[in-house]
Amino acid sequence: PPLVERLLFEQTMPRDTPLILAAQHGDLAQVQLLLEQKAIVDQTGEHGATALQWACFRGHDAIAKLLLDSGAATDKRGDFGTTGAASLHACLLVL
């Protein structure tokens, strides 16, 4: 869909991407759709964090697994001082 494509690749900064917003809010179906539309899985948003970091921080383990299966990096560092690995550790604590 043209709207999805425009949102995926819009380069206004700083702001969170649709993938990051979906991960933050625990919307698994939207994350799946965005990944199918070739969303950039490791793009950082307003706070320098990736969708994986937000999914883990918010306890959305199914989304975190989907992002990892889609190639999300575990070594990114966000402005709030976490790495993907540290966020994954946080995910394990809430399971």
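Look up: the structure comes first, before these words.
Bear in mind that the values here come from a model prediction, so they are computed numbers and not experimental data.

S.K.: Any details on the pattern of salt bridges? Residues and values, ideally.
M.R.: A side chain of one charge can pair with a side chain of the opposite charge when the charged atoms of the two come close. Within the structure shown, the criterion is met by one salt bridge. Close ionic contact of D69 with K65 constitutes a salt bridge, the shortest N to O distance being 2.9 Å. Placement of both D69 and K65 in helix α5 (residues 61-69) is noted, with a separation of four residues, approximately one turn of the helix. Given the relative accessible area of 51%, K65 is considered exposed.

S.K.: So what's going on with the packing of aromatic side chains? Which residues, and what values?
M.R.: The tally for this structure, following the rule as stated, stands at one aromatic pair. For the pair W54 and F57, a centre-to-centre distance of 5.8 Å together with 85° between the ring planes defines the contact as edge-to-face. Of the two residues, W54 and F57 both sit in helix α4 (residues 51-57), three residues apart, roughly one turn of that helix. Since its relative accessible area comes to 9%, W54 is described here as buried.

Rules behind the numbers
Residues numbered from 1 in each chain as written. Predicted model: local features only at pLDDT ≥ 70, side-chain atom pairs only at ≥ 80, totals over all residues. Heavy atoms only, no water. Salt bridge = Lys/Arg side-chain N within 4 Å of Asp/Glu carboxyl O. Helix = DSSP H or I, 4+ residues; strand = E, 2+ residues; numbered from the N terminus. Buried < 20%, exposed > 50% of the residue type's maximum accessible area, 1.4 Å probe, protein only. Phe/Tyr/Trp six-rings, centres within 6.5 Å; stacked < 30°, edge-to-face > 60°.

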